[in-house]
Each structure stands twice: as structure tokens, then as C-alpha cells.
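Examining the three-dimensional arrangement
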Amino acid sequence: MKIIIYCGGDEQTGLGHLSRSSTFSQTIEEIDDIRLQVLVKTEESFRSFFNEISSNVYYLEESIEILHFIDEFNPDIIIFDLLFVNDKIISIVKVKVSTLISISPIFNCNDY
């Protein structure tokens, strides 16, 4: 199984998403037969949250970049942990990936 975790956070939106996703990623890495990619949208000063992750961690400048990773990695599941994703991006992701999950308690796309 292939999983992408896509998270984001900064001083303005908070750092809980980064902390939670880092911890969750480390737990997933312990499970056999799961390939993981972690996509992070944050400032450079907060990248250290992911120093302990042995899977591929990529830092995004723009949310639209997630589409490239989906096409290249072809995940079974995408786990979101951030406050907002553009509606157009979510619509495209829904066509490409069978299972979308949010672990964020506040997420604009929970209605999808």
C-alpha cells in the first residue's frame, strides 16, 4: 500500500499539524508493506519537525505541486493534515486517488 501524508503549518496557522503528521508518519513507517511519502507545506524554519522521518519528505511551495507527486507515486491513500486545500485541487485529487482522509479537526474540505 502507498500512502501520501500532506500537511501544512506555520506560525500563523499553528504547528500542531506538523507535529501530528510527523508523529503519525513515524508510526506508519513501522508497518510492513506500506510505502510512504510526506509532503509538507511550511516555512524552512519548521522543517526540523520531519528530521526523524526516514521516508521521502518533500517540501512544497504551492499546494498544486501535490498533483505531481500523486501522478509519480500513485498512492492508494492521501491523508491530509492542514486547514485548507483549494476546491479545484481536491476535485482533481478525488479522481486520481480512491481514499482521501483528513486527520485535521478543522479542514475546509470535510464536506467532500
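What counts, and at which threshold
- Residues numbered from 1 in each chain as written.
- Predicted model: local features only at pLDDT ≥ 70, side-chain atom pairs only at ≥ 80, totals over all residues.
- Heavy atoms only, no water.
- Helix = DSSP H or I, 4+ residues; strand = E, 2+ residues; numbered from the N terminus.
- Core = buried A, V, L, I, M, F, W, Y, C linked by side-chain atoms within 4.5 Å.
- Buried < 20%, exposed > 50% of the residue type's maximum accessible area, 1.4 Å probe, protein only.
- Contact = heavy atoms within 4.5 Å.
- Phe/Tyr/Trp six-rings, centres within 6.5 Å; stacked < 30°, edge-to-face > 60°.
- Lys NZ or Arg CZ within 6 Å of the ring centre and 35° of its normal.
- Pairing = 2+ DSSP bridges.
- Axes fitted to C-alpha atoms, helices over the stretch in contact; angles between N-to-C directions.

**Description of unusual backbone geometry**
At aspartate 33, a residue that is not glycine, the phi angle is positive and equals roughly 70°. Structurally, the position occupied by aspartate 33 is in the loop between helix H1 (16-29) and strand E2 (35-41).

**A short note on the nonpolar core**
Judged by nonpolar contacts, the single largest core of 17 residues is most densely connected at Tyr6, Ile66, Ile70, Phe80 and Val93. Contributing elements (two or more residues each) for this core: strand E1 (2-8), helix H2 (66-73), strand E4 (77-81) and helix H3 (87-96). Among residues more than four places away in sequence, those in contact with isoleucine 70 are Ile4, Pro75, Ile78, Val93, Lys96 and Val97. If you look at the next biggest cluster of nonpolar residues, it comprises 13 residues, including Ile28, Val40, Phe46 and Phe50.

**Regarding the environment of lysine 96**
Tracing the backbone shows lysine 96 in helix H3. We classify lysine 96 as partly exposed; its relative accessible area is 36%. Note: C-alpha distance between lysine 96 and aspartate 71 (25 residues apart in sequence) is 8.0 Å. Here lysine 96 is in contact with Ile70 and Asp71, once residues within four sequence places are set aside.

**Observations concerning the packing of aromatic side chains**
Tallying each qualifying case throughout the model produces two aromatic pairs. Summarising the aromatic geometry, the rings of tyrosine 6 and phenylalanine 80 are spaced 6.2 Å apart at their centres and angled 70° between planes, so their arrangement reads as edge-to-face. Residue tyrosine 6 is found in strand E1, and its partner phenylalanine 80 is found in strand E4; the two are separated by 74 residues along the sequence. For the residue pair tyrosine 6 and phenylalanine 80, the accessibility class agrees, reading buried in each case. Residues tyrosine 58 and phenylalanine 69 carry aromatic rings whose centres are separated by 4.7 Å and whose planes lie at 40° to one another, so their mutual orientation is tilted. A residue pair is termed long-range when its members are at least 10 positions apart, and tyrosine 58 in strand E3 (residues 56-59) and phenylalanine 69 in helix H2 qualify at 11 residues. Classification of tyrosine 58 as partly exposed rests on a relative accessible area of 29%. A cation over a ring is seen here: lysine 2 above phenylalanine 73, with NZ or CZ 5.3 Å from the ring centre.

**A closer look at the sheet that holds E4**
Sheet architecture is open: five strands sit in the order E3-E2-E1-E4-E5, paired in parallel fashion. In this open sheet, the two strands that pair with only one neighbour each are E3 and strand E5 (99-102). With strand direction ignored, the average angle separating the axes of adjacent strands in the sheet is 20°. Contacts from H1 reach E1, E2 and E4, with the element oriented near 165° to E1.

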